[in-house]
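# Working through the structure, step by step
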Amino acid sequence: MKRRVPVLVQTSALLLALTSGVTSAYTVQKGDTLYSLARREGVTVEALVQLNRLADTTLSVGQELVLPSEQKAQQIAGVKVLAPVMLKEGDIFTLRLTGERSAEARVRFLSEVNEDVRSPAEDLAPFGAAGEYVVLGRVVLGQRRPLTYEVRLGDERITGSVPVSSRGLKVQNLNLAPEIAARRQDPKRVEEEALVEKAYARRTPQAWSRPFLGVPGVRVVTSQFGQPRRYTKDEELKYHYGTDYAAPTGSPVQALNDGTVVVAGMYPARGGLVAIDHGAGVVSMYFHQSKLQVKVGDQVTRGQIIGQVGSTGISNGPHLHLEVRVRGEAVNPAALFNRMLP
Ligand SMILES: [Zn+2]
């Protein structure tokens, strides 16, 4: 099946990336396929399609492509720093550091100055091993200014900038029934919000050593991540911070990866909620469950069943709302499926 990707909308960002010298193009050789190039680059075919805004997966000899290995590389004190060529709002991404002194570097995302960003411009230590270290970055939904970063090592300092584009989604009107919408005014919401904020503020070491789970089974996405929407008519615009998967009540909900359960309980908005701290500032959350099978403090492993799908909280029908947060900001969960890192 051919994927159709909107080409025109994103052209300006690509042009900006190309003309600002962020990257150079690769010329397709005889025998190259998206699959072979993706393997060589250590990325998915989808990542190449997205990076190049391809409308067609067939390559032709002589065609120019942007490859991740030709991402903007900078050097600081013998450490190579690789940044993405372009980003979309809601993206999770890595800044990769290779070289002996990688672990000594410190990174800050200087464009995080907006009061809507949790933990802005936090001083980040790279994590990883064996000479490859990463820092996780996030682009806040609704944020389209270029993302800028700073890397410091010893007395040296470098900075870089990456263009950010929109996810290009149309506004969805949920028209929630008044009795469901009213759950947002429940006095217990204060406790609910305080608990999730506490989960977002945790900083623990990376707890996973295997790729994140892909969402298991055939599940229909009923509302995409990053969807701009209104709960009721005439209401201010909000973003959908997770992805909704329709599934019958009672379907098993699995942990995306190893971690510690930091929230488990019934809450007015999120319903039956489990939040798992995976370390490195990454928290996954599972909303609207009918039954929970873990408790706060439990160590869970990748794929472990943590509860059952339901329609509790602010929900229109049985589904799993899956959310991933990086230092408290919502990012596209699909970017982690079947991958160790984004
Ligand atoms: Zn949802």
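So, a few notes on the structure that sits alongside this text. (Residues numbered from 1 in each chain as written. Predicted model: local features only at pLDDT ≥ 70, side-chain atom pairs only at ≥ 80, totals over all residues. Heavy atoms only, no water.)

## A short note on unusual backbone geometry
Its identity as a non-glycine residue notwithstanding, A77 has a phi of 45°, on the positive side. For A77, the position within the fold is in the loop between β3 (73-76) and β4 (79-82). Residue A121 is not a glycine yet carries a positive backbone phi of 50°. Assignment of secondary structure puts A121 in the loop between β7 (106-108) and β8 (127-129). (Helix = DSSP H or I, 4+ residues; strand = E, 2+ residues; numbered from the N terminus.)

## Digging into the pattern of salt bridges
On inspection of all chains with the given rule, the structure shows 21 salt bridges. One salt bridge in this structure joins E89 and R144, with 2.9 Å as the shortest N-O distance. Taken together, the residues E89 in the loop between β5 (87-88) and β6 (92-98) and R144 in the loop between β9 (132-138) and β10 (147-153) connect sequence positions 55 residues apart. One salt bridge connects R157 with E150, and the closest N-O pair in it is separated by 2.7 Å. Exposure remark for E150: the relative accessible area of 3% places this residue in the buried category. Three or more residues joined by partner-sharing salt bridges are found here, namely R108, D123, E150, R152 and R157. (Salt bridge = Lys/Arg side-chain N within 4 Å of Asp/Glu carboxyl O. Buried < 20%, exposed > 50% of the residue type's maximum accessible area, 1.4 Å probe, protein only.)

## Digging into the packing of aromatic side chains
Applying the stated criterion to the full structure yields three aromatic pairs. With a centroid separation of 5.6 Å and an interplanar angle of 80°, the aromatic rings of F93 and F109 are classed as edge-to-face. Here F109 lies in the loop between β7 and β8 and F93 lies in strand β6, a separation of 16 residues in the sequence. Taken individually, F93 and F109 each receive the classification buried, so the pair is uniform in this respect. The interplanar angle of 75° and the centroid separation of 6.2 Å between the aromatic rings of F127 and W208 together place this pair among those described as edge-to-face. You can see F127 sitting in strand β8 and its partner W208 sitting in the loop between α5 (189-200) and β14 (220-223), a full 81 residues away along the chain. Residue F127 shares its accessibility class with W208, and that shared class is buried. Among the aromatic residues, those joined into a cluster by ring pairs are F127, W208 and F212. For the cation-ring pair, R325 lies above Y241, with the distance from its terminal atom to the ring centre recorded as 4.9 Å. (Phe/Tyr/Trp six-rings, centres within 6.5 Å; stacked < 30°, edge-to-face > 60°. Lys NZ or Arg CZ within 6 Å of the ring centre and 35° of its normal.)

## Remarks on the pairing of β4
Both β3 and β4 contribute to a ladder of four bridges, which runs antiparallel. Within the sheet, the bridge partner assigned to Q75 lies in β4 and is K80. The turn linking β3 back onto β4 is made up of two residues, and A77 within it adopts a positive phi angle of 45°. Here β4 runs beside β6; their pairing, made up of three bridges, is antiparallel. (Pairing = 2+ DSSP bridges.)

## Re the environment of L174
One can find L174 in the loop between β13 (172-173) and α4 (178-181). Along the sequence, L174 and R229 sit 55 residues apart, while their C-alpha atoms lie 7.1 Å from each other. Setting aside its immediate chain neighbours within four residues, L174 contacts R229, R230, Y231 and N316. (Contact = heavy atoms within 4.5 Å.)

## Details of the sheet that holds β13
One open sheet holds the three strands; their spatial order is β13-β15-β16, and the pairing between them is mixed. Looking at strand neighbours, the two that pair on one side only are β13 and β16 (238-239), the edges of this open sheet. Of the strand pairs in this sheet, β13 and strand β15 (residues 228-230) are connected by two bridges, and their pairing is parallel. The residue bridging Q172 from the neighbouring strand is R229, located in β15.

## A look at the side chain of E235
With respect to the helices, strands and loops of the structure, E235 is situated in the loop between β15 and β16. The exposure class assigned to E235 is buried, which follows from its relative accessible area of 17%. Of note is the side chain of E235, whose polar atom sits 2.9 Å from the side chain of R184. Beyond its immediate sequence surroundings of up to four residues, E235 is in contact with R184 and R230. (Polar contact = N/O pair within 3.5 Å; in protein donor to acceptor, adjacent residues only side chain to side chain.)

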